[in-house]
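Observations on the three-dimensional arrangement
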Amino acid sequence: MIAVVGGGLIGLSVAWYLRQRGFDVVVYEKNSAGRGASWASAGMLAPNLEAEPGEENLVKLLLESLKMWPAFAQSLEKQSGIDVGYRTEGTLSVALNRDDVQRLRFQHRFMKELGLDVEFIDGETVLEQEPFINRNVQAALHSRSDHQVDARQAVEAVKKVFMDSGGVLKERCGVAKVVVEDGMVVGVFSCEGFRSFENVVLAAGPWSRHVDGLPEQERPPVRPVKGQMIAVRDTGTTPLVQHVVWGPQRPWGPCYIVPKRGGRILLGTTVEEKGFDVSVTAGGLMNILRGCWEVLPALSELPVEEVWAGLRPGSPDDAPIIGPSSTKGLFIATGHFRNGILLAPFTAKAAADYMETGKLDDLAKPFSPQRFKPRDEPG
Ligand SMILES: Cc1cc2nc3c(=O)[nH]c(=O)nc-3n(C[C@H](O)[C@H](O)[C@H](O)COP(=O)(O)OP(=O)(O)OC[C@H]3O[C@@H](n4cnc5c(N)ncnc54)[C@H](O)[C@@H]3O)c2cc1C
């Protein structure tokens, strides 16, 4: 019997994979399932254009999960009847001045060294593909394989298939305490009182380190990293934008434009260290609009549909924390930071494989919770 703490996309995906392997699973969610970071997300699946120097191992993991997404999306849609909005137009990262072009050239060299699927294209080619982008566009990096999904639809679909497969989801029923005795998980306290479990998967997003009862050394070092978002509605007959488009780096922060099905366009985002605060601020919105308007000026005419903020589960090295802890029966699946939607299928498979075989996938090994444990001093 396995308890999953946290009903976000990570907890629910892990729970669904565990059900498929025949385990009895209960997911505990303190609020409504899927309304945490997973609801706030832009849903980009973008390991190629997000690759940064120093993150080579992470890129391998992200690419592996990207490969898993088409089958993951297809089986979710088939089994749930919910369209998860998987789109394959690709992603553009645009340059609007000479400095931006230099930066893209540098990034492109690094990406080619890693063998990533990224092409350098000139401004004219960008405008052929996206005619409403700022006419001053000089160039872009184009990744054909950085796709996207509707994260809210995906989380609804995973919730449905998990429950249809016989999984138990307890909403508005937080885990108040994980009970550990003699270095071994024995159960959890929740709204139901005590219930015994042989295994617990900790997937409580940025709250994961605060769950009571965890031995001090097992608390994953995650923290909330706030991101604000805006949704506007494209009411025209010709879509304003079809690819995911990233604006150039600016002092006021990053900008991305993510067109969803049916004319909804997401604009993001901020990256803020504000604890668990999820207020939407004038400054946050201004920075997003400033960046995105520079890329796609016609945005200024579109009606605003929704604004929100969410909390990415950030870790000290910006990479996920996936693997068994030193406490028997406690598996950690958190810290997915800005890639939790992309990493959902990989994380789910790695957790289910581990529960079945006792072995952690080689690609996940560099991301085990053990990497944050203090090393023994040499004797
Ligand atoms: C603005 C923004 C944009 C993003 N864009 C992207 C993107 O484009 N692509 C991408 O791959 N990722 C993106 N991310 C990151 C991604 O959303 C997260 O990495 C991912 O959703 C993390 O999923 P999770 O299930 O770990 O966390 P959450 O979705 O936050 O789920 C954790 C759940 O645990 C519950 N919980 C907490 N404590 C307890 C407890 N004690 N008992 C029971 N339940 C508990 C919470 O209520 C919550 O529902 C974005 C994030 C933000 C905020």
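Residues numbered from 1 in each chain as written. Predicted model: local features only at pLDDT ≥ 70, side-chain atom pairs only at ≥ 80, totals over all residues.

A word on the overall build of the chain
On a plain count of helices and strands, the chain comes out with nine helices and 19 strands. The C-alpha radius of gyration of the chain comes to 21 Å, within 12% of the 21 Å expected for a compact globule of 379 residues. Here the chain holds 379 residues, and the buried ones make up 50% of them. (Helix = DSSP H or I, 4+ residues; strand = E, 2+ residues; numbered from the N terminus. Rg over C-alpha atoms; globule rule 2.2 N^0.38 Å. Buried ≥ 20, exposed ≤ 12 C-beta atoms within 10 Å, placed from the backbone.)

Points about the site of the ligand
Around the ligand lies a shell of 42 residues, among which Gly6, Gly8, Gly36, Gly227 and Gly340 are the nearest. Shared between two domains, the shell around the ligand takes at least three residues from each, and those domains are domain 1 (2-54 + 152-222 + 316-372) and domain 2 (91-144 + 224-314). (Near = placed C-beta within 6 Å. Domains from an automatic or database assignment.)

Points about the nonpolar core
By size, the foremost hydrophobic cluster in this structure holds 114 residues, and its most contacted members are Val5, Val14, Val94, Val201 and Ala351. The element contributing the most residues to this core is helix H4 (residues 56-80), with nine residues. Inspection of this core shows a minimum of three residues originating in each of domain 1 (2-54 + 152-222 + 316-372) and domain 2 (91-144 + 224-314). When sequence neighbours within four positions are dropped, the list of residues in contact with Val94 reads Val126, Ile133, Val137, Ala140, Val245, Trp246, Gly247, Pro248 and Val295. (Core = buried A, V, L, I, M, F, W, Y, C linked by C-beta atoms within 7 Å. Contact = placed C-beta atoms within 7 Å.)

Some remarks on the sheet that holds strand E2 (residues 25-28)
The strand order across the open sheet built from six strands is E8-E2-E1-E12-E19-E18, with neighbouring strands paired in mixed fashion. Of all the strands in the sheet, just strand E8 (168-170) and strand E18 (321-324) have a single pairing partner and so form its edges. Sheet twist, expressed as the mean angle between neighbouring strand axes with direction ignored, is 15°. With three bridges joining them, E2 and E8 adopt parallel strand pairing. (Pairing = 2+ DSSP bridges. Axes fitted to C-alpha atoms, helices over the stretch in contact; angles between N-to-C directions.)

Some thoughts on the domain arrangement of the chain
On domain assignment, one finds that the chain holds domain 1 (2-54 + 152-222 + 316-372) and domain 2 (91-144 + 224-314). One C-alpha centre belongs to domain 1, the other to domain 2, and the line joining them spans 30 Å. Across the contact, 23 residues belong to domain 1 and 28 residues belong to domain 2. Per-element tally for the side of domain 1 that touches domain 2: the top contributor is helix H2 (residues 37-40), with three residues. Class assignment of the residues belonging to the side of domain 1 that touches domain 2 gives a composition of twelve nonpolar, nine polar and two charged. (Nonpolar A, V, L, I, M, F, W, Y, C, P; charged D, E, K, R; others polar.)

Quick word on helix H7 (residues 151-164)
Its 14 residues place the ends of H7 20 Å apart at the C-alpha level, agreeing with the 20 Å of an ideal helix rising 1.5 Å per residue. Looking at the buried residues of H7, the elements they touch are helix H1 (9-20), H2, H4 and E8. (Expected span 1.5 Å × (residues − 1).)

Quick look at the pairing of strand E19 (residues 330-334)
Most of E19 is tucked away, with five of its five residues classed as buried. With burial as the criterion, each face of E19 is covered, one bearing Leu330, Ile332 and Thr334 and the other bearing Phe331 and Ala333. Here three bridges tie strand E12 (residues 199-202) to E19, and the two strands are oriented parallel to one another. Within E19, the residue paired with Val200 across the bridge is Leu330. Of the pairings in the sheet, the one linking E18 to E19 comprises four bridges and is antiparallel in character.

Focus on the packing of H1 against helix H9 (residues 344-357)
Where H1 contacts H9, the two axes come as close as 8 Å, and the packing angle between them is 45°. Looking at the two axes, H1 sits oblique to H9. Remark: the crossing between H1 and H9 carries right-handed chirality. Within the contact between the two elements, H1 uses Leu9, Ile10, Ser13, Val14, Trp16, Tyr17 and Leu18 and H9 uses Ala344, Pro345, Thr347, Ala348, Lys349, Ala351, Ala352 and Met355. By residue class, the composition of the contact of H1 with H9 is twelve nonpolar, two polar and one charged. (Parallel < 35°, antiparallel > 145°, perpendicular 65-115°, else oblique. Left-handed = near helix turned anticlockwise from the far one by under 90°.)

Some remarks on helix H8 (residues 282-295)
With 14 residues, H8 should cover 20 Å at 1.5 Å per step; its first-to-last C-alpha distance of 20 Å lies within 8% of that length. Those residues of H8 that sit buried are Gly284, Asn287, Ile288, Gly291, Cys292 and Val295. The arc enclosing the buried residues of H8, seen along the axis, measures out at 115°, which places them on a common side. Relative to its buried face, H8 has exposed residues pointing more than 90 degrees away, namely Ala282, Gly283 and Met286. (Arc of directions from axis to C-beta.)

Digging into the sheet that holds strand E10 (residues 184-190)
Taken together, the three strands give an open sheet; going across it, the order is E9-E10-E11, and neighbouring strands pair in antiparallel fashion. Only two strands of the sheet have a single neighbouring strand rather than two, namely strand E9 (177-181) and strand E11 (193-196). For this sheet the average axis-to-axis angle between neighbouring strands, irrespective of direction, equals 30°. Here E10 runs beside E11; their pairing, made up of four bridges, is antiparallel. Across the sheet, Phe189 pairs through a bridge with Phe194, a residue of E11.

Observations concerning unusual backbone geometry
Omega for the peptide link from Gly268 to Thr269 comes to -10°, which places this bond in the cis form. Considering the arrangement of structural elements, one finds Thr269 in the loop between strand E16 (264-268) and H8. Notably, Asp182 is not glycine yet its phi reads approximately 50°, a positive angle. Here Asp182 shows up in the loop between E9 and E10.

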